[in-house]
Amino acid sequence: MHGVDITAGPMARRQTGGVVQSVAIVAGLEIGGAALLRTFLLSDATWVVVGLLAVFGAAFAALQIRPRLEEHIAVAFREMRLFALLLGCGIVLIYPFLMQGSSYALHLLITAQLYAVLALALNFQLGSANIPNFATAASYGIGAYSSALLAIHFGISVWLTLPVAAVVATVFGFALGFPAMRTRDTYLALVTIAFGIVIHQLLNNFTWTGGPNGLAGIPAPSILGHSFNSPIILLGFRLPSQANFYYLAAALVALSIVCARLLHHSRVGLAWNALRSDELAARCQGINVVWYKMLAFGVDAFLAAFAGSIYAFYVSYIAPDNFTFLVSVTIMTMVIVGGMDNTFGVIAGAFLLILLPEKLRIFDDYRLLFVGVVVILFLLLRPQGLFPQRPRNYGDH
Amino acid sequence: MDMLLAQHLLNWLVQGSILALVALGFSLLFGVLNVIHFSHGDVSIVGPFVALAVMQYLLVEILPHTWASALILAAAVAIFATGCLGVALDWLVIRRFRTAPAMMALVATVALGAVIRELIRMLYPQGSNPQPFPELMSAQFEIEGLSVPISTLFMFAVSVLMVAGLYVIMHRTPLGMRIRAVAQDRDIARLMGIHPNRIFAATFFIASAVGAIGGIFYASSAGLVRFDFGIQLGLIGFSAAVIGGLGSMHGAIIGSLVLAGIDTLAQATLADGAAYRLVFAFLLVILVLVLRPSGLFGKPVFEKV
């Protein structure tokens, strides 16, 4: 899908398949994935969608049956890291040009990217530290509302509202993390559910947030005099105005990936993993459990707020019902289906769970039922997620 | 003033009783057996739908003009059917997550809840619309000018009876002893000749049947029922069980009365209290969990090293 290498650390056993083979694997997978996604986005025929899903399912069945394949791919991506990264970035950059000017396809991509950011944000907690958080949608909403209110009432530049909204949401994140320290597991899950519902209800009831009608008329951002509402015209190509937000969202995804990798390879990520394995043992090792848990809540809220702000500016209309408990559950499902603590997996999960229901609108009435059944089957058949987390490995880089 | 107060008190009793019936199921499953089952609210709301369907069938086909007996029969069928549904869900889905990480079971049962809601919506004729639900009993009597519906007293009596009954089952019968044995150590229980899966089935049956009673009461006190009522019923019922302390039967009813009390108080004293009722209820949940992490009547859990 997007150019993210899935290597999180070398495998214990090194296999070298030669440069040509690795390049072929990397290029084939990235270009093939992008082509499949493009067909999926642009096709209206049901049988095409179902056929693509079958291809996708077959690929994973192959991985399930032959784990060696997965290893080969991981090795190829690790050896050709720079090539994979550059090719991925290139694909992301030219992707809007391949959409035949379809603003619907771009809209789907933007939504999927924003949810990828949310899923990555939650991944810090759920994936890295195994802290259940059902309040990601609340942070998302706080971010969206803060920047929308600032932009509407004070006319503050959109770019300035982004960091402010992130800080506001982070404060709320820490505020949620603080009471959460005394509780664990199911009880902690309930605290975050309660927090999410309280935020949703408050947004729904305050008059200054527009109540259930929400906020409308959020100004579109502009950069160097180019408004995000006008189409991009480049070298004779004309991209619909959604392309602006596509690139903005892609930049945010890239930023989140960088954050995720830096944190994963830092002391913080290690401390979170230690918490996940055994909280008591982590504490005995001198890890400040409370601080790292709070930090996980803060980081989650920080990134989610960015996604919220961009969402608000993109659709220019937000309402409390965009940030309900069920949204949090969806984000959580993305992380679990994609693969906990695996950056690429989480993004893939987000794309899958956004695009699949959209394309199944043909079945309309059975859509939610289908998604529910798929999620349950998924958890039963491949509980480690699409892309399982990779063991950390130190040494032979 | 006194009349108003009395009305609020009655309202509080009804709400508390309904919540307690749903909370009991959560307390049994989460607290005693340590099963994560977030679709319990949706299972409970299946009850009124089955009752409605059966009642309409009875009134048209078999026993016309016998409203009361049709309702009683339909409710009985619905309670039994919902109990069986709980067992079936355990058998089909939930038991496969018994050894999985808690988060998996959590997301799986939330998805299961969505599946149940969608199935209700599609299987029930015009399931997307709210369905009117009859009152359980319309009679009321008067005390000093205050009219008290009999259904209020009936609901309260049933929920107290259920709490007492479950307490007796859990602590005074062989079944309860088996349930507690399985909860403590499944493998040792198996060595003692207990079939854990049967115990799980029995517990799911009890929890879902009691939940169905709660669902039917909820529908009849609201006068209507819709396919997605289960989300809120489940969330508030779970909160009530947690406030009371998971695993404690009397905790479930006290937690429910506390939550219902906050709700009623907010509606009675604040101008726009009705809009903020969920805010207060869930702020209370956070507060209780922070001050007493294992609920009001729960036993604190110590971690073994």
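Residues numbered from 1 in each chain as written. Chains lettered and ligands numbered in written order. Predicted model: local features only at pLDDT ≥ 70, side-chain atom pairs only at ≥ 80, totals over all residues. Heavy atoms only, no water.

1. So, the overall build of chain A
Step number 1: Per the secondary structure count, chain A includes 15 helices and six strands.
Step number 2: Seen along its three principal axes, the alpha-carbon backbone of chain A occupies a region of about 65 × 60 × 45 Å.
Step number 3: In chain A, which comprises 397 residues, the proportion classed as buried is 58%.
Step number 4: The contacts in chain A between residues at least 6 apart in sequence include a share of 79% that link residues at least 24 apart.
Step number 5: Accessible surface for chain A amounts to roughly 16500 Å². Of this, 68% is attributable to carbon and sulfur atoms.
Step number 6: One way to put it: in chain A the 21 positive side-chain charges average out to a point 5 Å from where the 16 negative ones average out. (Helix = DSSP H or I, 4+ residues; strand = E, 2+ residues; numbered from the N terminus. Buried < 20%, exposed > 50% of the residue type's maximum accessible area, 1.4 Å probe, protein only. Contact = heavy atoms within 4.5 Å. Areas by Shrake-Rupley, 256 points an atom, 1.4 Å probe, with all protein chains shown as cover. Lys, Arg positive; Asp, Glu negative; His and termini not counted. Charge placed at Lys NZ, Arg CZ, Asp CG, Glu CD.)

2. Let's talk about the overall build of chain B
Step number 1: Helix and strand counts for chain B stand at eleven helices and four strands.
Step number 2: Each principal axis of the C-alpha atoms in chain B carries an extent, and together these give about 60 × 50 × 35 Å.
Step number 3: For chain B, with 305 residues in total, the buried portion stands at 53%.
Step number 4: At a minimum sequence separation of 6, the contacts of chain B that also span at least 24 residues come to 74%.
Step number 5: Summing over all exposed atoms, chain B offers an accessible surface of approximately 13900 Å²; the carbon and sulfur share of this is 67%.
Step number 6: Computed over 16 positive and 14 negative side-chain charges, the inter-centroid distance for chain B is 16 Å.

3. Brief notes about the interface of chain B and chain A
Where the parts come together, the accessible area they lose is often given as the size of the interface.
Step number 1: Every contact between the two is made by 40 residues of chain B and, on the other side, 41 residues of chain A.
Step number 2: Summed over both sides, the interface between chain B and chain A buries roughly 3700 Å², with carbon and sulfur atoms accounting for 82% of that surface.
Step number 3: Broken down residue by residue, the surface that chain B buries against chain A is led by B:Met103, B:Met104 and B:Val107, which jointly contribute 16%.
Step number 4: At the boundary of chain B with chain A, the tally comes to zero salt bridges.
Step number 5: Inspection of the region where chain B meets chain A yields zero residue pairs in polar contact (both at pLDDT 80 or more).
Step number 6: Of all the elements, helix 4 (residues 102-123) of chain B adds the most residues to the side of chain B that touches chain A, at 14 residues.
Step number 7: Each residue belonging to the side of chain B that touches chain A can be placed in one class, and the counts come to 33 nonpolar, two polar and five charged. (Buried area = accessible area lost by both parts, 1.4 Å probe. Salt bridge = Lys/Arg side-chain N within 4 Å of Asp/Glu carboxyl O. Polar contact = N/O pair within 3.5 Å; in protein donor to acceptor, adjacent residues only side chain to side chain. Nonpolar A, V, L, I, M, F, W, Y, C, P; charged D, E, K, R; others polar.)

4. Details of helix 1 (residues 2-32) of chain B
Step number 1: Here helix 1 of chain B is 31 residues long and its end C-alpha atoms lie 42 Å apart, about the 45 Å a rise of 1.5 Å per residue gives.
Step number 2: In the segment just after helix 1 of chain B, B:Asn34 is the residue with positive phi, at about 65°. (Expected span 1.5 Å × (residues − 1).)

5. A closer look at the environment of A:Phe313
Step number 1: Its place among the elements puts A:Phe313 in helix 12 (residues 289-315).
Step number 2: Apart from residues no more than four positions distant in its own chain, A:Phe313 is found in contact with A:Ser147, A:Ala151, A:Val158, A:Thr161, A:Ile218, A:Pro219, A:Pro221 and A:Phe245.

6. Focus: the confidence of the model for chain B
In regions of low pLDDT, the predicted coordinates are not meant to be interpreted in detail.
Residue and element names in this part refer to chain B.
Step number 1: Mean pLDDT for chain B: 86, with 96% of residues reaching 70 or above.
Step number 2: Within chain B, the lowest mean pLDDT, 75, falls on strand 2 (residues 140-143), and the highest, 93, falls on helix 8 (residues 196-222).
Step number 3: With a pTM of 0.85, the predicted complex shows an ipTM of 0.83. (pLDDT = per-residue confidence, 0-100.)

7. Quick look at the domain arrangement of chain A
All names here are of chain A.
Step number 1: Taken domain by domain, chain A consists of domain 1 (1-98) and domain 2 (103-380).
Step number 2: Between the C-alpha centres of domain 1 and domain 2 there is a distance of 25 Å.
Step number 3: Both faces combined, the contact of domain 1 with domain 2 buries some 2200 Å², and carbon together with sulfur accounts for 78% of it.
Step number 4: Between domain 1 and domain 2 we count zero salt bridges in total.
Step number 5: Counting only elements with at least two residues in the side of domain 1 that touches domain 2, the list comes to helix 1 (19-42), helix 2 (46-65) and helix 4 (81-94).
Step number 6: Split into classes, the residues belonging to the side of domain 1 that touches domain 2 amount to 16 nonpolar, four polar and two charged. (Domains from an automatic or database assignment.)

8. A short note on empty space enclosed by the protein
Over the atoms, a rolling probe the size of a water molecule traces out where space has been left empty.
Step number 1: Inspection of every chain in the model, using the stated rule, returns three cavities of 30 Å³ or more.
Step number 2: Considered as a void within the structure, the second largest cavity measures approximately 150 Å³ in volume.
Step number 3: Taken together, the elements giving at least two residues each to the lining of the second largest cavity come down to helix 13 (325-338) of chain A together with helix 4 and helix 9 (229-244) of chain B.
Step number 4: Of the residues belonging to the lining of the second largest cavity, the class tally is nine nonpolar, five polar and two charged. (1 Å grid on protein atoms, 1.4 Å probe; cavity = no way out; pocket = protein on both sides within 12 Å on 5 of 7 lines; lining within 4 Å. Points joined across faces, edges and corners; volume = space filled by probe spheres on them.)

9. Examining helix 6 (residues 174-184) of chain B
Residues spaced three or four apart along an α-helix point in a common direction, a consequence of the helix completing one turn every 3.6 residues.
All names here are of chain B.
Step number 1: The set of residues buried in helix 6 consists of Gly 176, Ile 179 and Val 182. One side of helix 6 carries all its buried residues, which in axial view fall inside an arc of 125°. The exposed set on the far side of helix 6, more than 90 degrees from its buried face, consists of Pro 174, Met 177 and Gln 184. (Arc of directions from axis to C-beta.)

10. Considering the state of the cysteines
Step number 1: Evaluation of the coordinates by the stated rule reveals zero disulfides over all chains.
Step number 2: Considering cysteine sulfurs only, A:Cys259 is the nearest to A:Cys89, which forms no disulfide, with 16 Å between them. (Disulfide = S-S within 2.5 Å.)

11. Considering the packing of helix 9 of chain B against helix 10 (residues 249-269) of chain B
Residue and element names in this part refer to chain B.
Step number 1: Between helix 9 and helix 10, the shortest axis-to-axis distance is 7 Å and the interhelical angle comes to 115°. Of the two elements, helix 9 crosses helix 10, and the hand of that crossing is right-handed. Between helix 9 and helix 10, the contacting residues are Ile 236, Ser 239, Ala 240, Ile 243 and Gly 244 on the first element and Gly 251, Gly 255, Ser 256 and Leu 259 on the second.
Step number 2: Partitioning the contact of helix 9 with helix 10 into residue classes produces four nonpolar, five polar and no charged. (Axes fitted to C-alpha atoms, helices over the stretch in contact; angles between N-to-C directions. Left-handed = near helix turned anticlockwise from the far one by under 90°.)

12. Considerations on the side chain of A:Thr333
Step number 1: Among the structural elements, A:Thr333 can be located in helix 13.
Step number 2: Look past the residues within four positions of A:Thr333 in its chain and what remains in contact with it is A:Gly338, A:Leu353, A:Val375 and B:Val107.

13. Let's talk about the pairing of strand 3 (residues 146-149) of chain B
Step number 1: Residues of strand 3 of chain B alternate between two faces, with B:Leu146 and B:Val148 buried on one and B:Ser147 and B:Pro149 left unburied on the opposite face.
Step number 2: Between strand 2 of chain B and the antiparallel strand that follows it, strand 3 of chain B, lie two residues; B:Glu144 among them carries a positive phi value of about 50°. (Pairing = 2+ DSSP bridges.)

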